[in-house]
Amino acid sequence: MIADRVAAVRERIARAAARAGRSPEEVTLVGVTKTFPAAVVRAGFEAGLRDFGENKVQEAETKLAGLGDLRAAGARFHLIGHLQDNKARKAAVLFDLVHSVDGAERARRLSRLLAEAGRAMPVLVQVDLAGESTKHGVPQAELFATLEAIRGLETLRVEGLMVLPPATDEPEGARPYFRALRALRDDALERGLLRGSHLSMGMSHDLEPAVEEGATMVRVGSAIFGQRDHGPAAL
């Protein structure tokens, strides 16, 4: 079942990429396994997924403790939820990529903790394009100053941007935010503020406009793993 859903999502990505004149190989499919048990991560790996997204550090710590063999076999684990200061030390050793750096001070703290752990990490900066009080991110007006402030951090490589657009019933409602993030990425690259060109944007319901607008990572949960519990653990 999961294998069929993975194949269906990859086909959606391929069709959207074709419409935009892109190769589907340019888009990494991140399977969002937050609130699902380790067995589901294993099933996703067996279905061909190699990238997995988690929302909470504490949940991921428990889950990843039993998945060392998958990591050794090529699985990569992404933190896609908010990075809390009191969880940053654990995040520095648990994850392969953090999508949600949302300020210069948090970036500096993560960089220091990475240095203590003896490793470097690629990260994305989350951008707040809609000014929603319920979401995190660097305000658009502060983005370039923030990128300038953190671009010299040795253990933290800022390789792109991430956005969570406002919820909308229509996938096309997210397109202006995806387009705006791409424009910001392009501007940041021209200014020499990024070390990569990644755009993390698009989820189960709106991955098509995201891919058409340049997404290099899409974060897909329910379209692959089904509906999850929407209680406190699934924020």
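The structure contained in this document is the topic of the report that follows. (Residues numbered from 1 in each chain as written. Predicted model: local features only at pLDDT ≥ 70, side-chain atom pairs only at ≥ 80, totals over all residues. Heavy atoms only, no water.)

Description of the overall build of the protein chain
Within the protein chain one finds 10 helices and 9 strands. Relative to its length of 235 residues, the protein chain is compact, with a C-alpha radius of gyration of 17 Å against a globular reference of 18 Å. Across its three principal directions, the C-alpha atoms of the protein chain cover 45 × 40 × 30 Å. Of all 235 residues assigned to the protein chain, the portion counted as buried reaches 52%. (Helix = DSSP H or I, 4+ residues; strand = E, 2+ residues; numbered from the N terminus. Rg over C-alpha atoms; globule rule 2.2 N^0.38 Å. Buried < 20%, exposed > 50% of the residue type's maximum accessible area, 1.4 Å probe, protein only.)

Looking at the pattern of salt bridges
In the structure shown here, the tally under the stated rule is 25 salt bridges. Here E208 makes a salt bridge to R12, at a shortest N to O gap of 2.6 Å. Of this pair, E208 sits in helix α9 (residues 207-212) while R12 sits in helix α1 (residues 2-19), and the two are 196 residues apart along the sequence. Take E208 and R12: they sit in the same class, and that class is buried. Its salt-bridge partner being D102, residue R106 comes within 2.6 Å of it at the nearest N-O pair. Both residues of the pair, R106 and D102, belong to the buried class. Several salt bridges converge on common partners, so that one network encompasses R19, E172, R175, R179, R182, E212 and E213. (Salt bridge = Lys/Arg side-chain N within 4 Å of Asp/Glu carboxyl O.)

Examining the environment of R5
Tracing the chain through its elements places R5 in helix α1. In this structure, the C-alpha to C-alpha distance between R5 and A16, residues 11 residues apart in sequence, is 17 Å. Filtering out sequence-adjacent residues up to four positions away, R5 remains in contact with A223, I224, F225 and G226. (Contact = heavy atoms within 4.5 Å.)

Quick look at the packing of aromatic side chains
Applying the stated criterion across every chain yields a total of 2 aromatic pairs. Here R50 stacks its cationic end above the ring of F45, 3.7 Å away from the centre of that ring. We note R191 situated over the ring of F144; from NZ or CZ to the ring centre the distance is 4.0 Å. (Phe/Tyr/Trp six-rings, centres within 6.5 Å; stacked < 30°, edge-to-face > 60°. Lys NZ or Arg CZ within 6 Å of the ring centre and 35° of its normal.)

Topic: the pairing of strand β9 (residues 217-220)
Residues M217 and R219 line one face of β9 and the alternating positions V218 and V220 line the opposite face, and both faces are buried. As defined by bridge partners, strand β1 (residues 28-32) adjoins β9 across 4 bridges and the pair is classed as parallel. Paired with G31 across the strands is V220, a residue of β9. (Pairing = 2+ DSSP bridges.)

Focus: the environment of V30
Mapped onto the elements, V30 comes out in strand β1. Expressed as a C-alpha distance, the spacing of V30 and R76, which sit 46 residues apart in the sequence, is 9.2 Å. Apart from the residues within four sequence positions on either side, V30 is in contact with D51, F52, G53, H78, V218, R219 and V220.

Focus: the packing of helix α6 (residues 104-117) against helix α7 (residues 143-150)
As a packed pair, α6 and α7 sit with axes 9 Å apart at the nearest point and diverge in direction by 25 degrees. Here α6 lies roughly parallel to α7, going by the angle between them. Where α6 crosses over α7, the handedness of that crossing is right-handed. Contacts from A104, A107 and R108 of α6 reach α7 at T146, A149 and I150. Classifying every residue of the contact of α6 with α7 by side-chain character gives 4 nonpolar, 1 polar and 1 charged. (Axes fitted to C-alpha atoms, helices over the stretch in contact; angles between N-to-C directions. Parallel < 35°, antiparallel > 145°, perpendicular 65-115°, else oblique. Left-handed = near helix turned anticlockwise from the far one by under 90°. Nonpolar A, V, L, I, M, F, W, Y, C, P; charged D, E, K, R; others polar.)

Remarks on the pairing of strand β3 (residues 76-79)
Examined bridge by bridge, strand β2 (residues 51-54) and β3 share 4 bridges and lie parallel to one another. Bridge pairing in β3 places E54 opposite L79. Between the parallel pair β3 and strand β4 (residues 97-101), the chain is carried across by helix α5 (residues 88-94), and the sense of this crossover is right-handed. (Right-handed = clockwise from strand over helix to strand, strands pointing away.)

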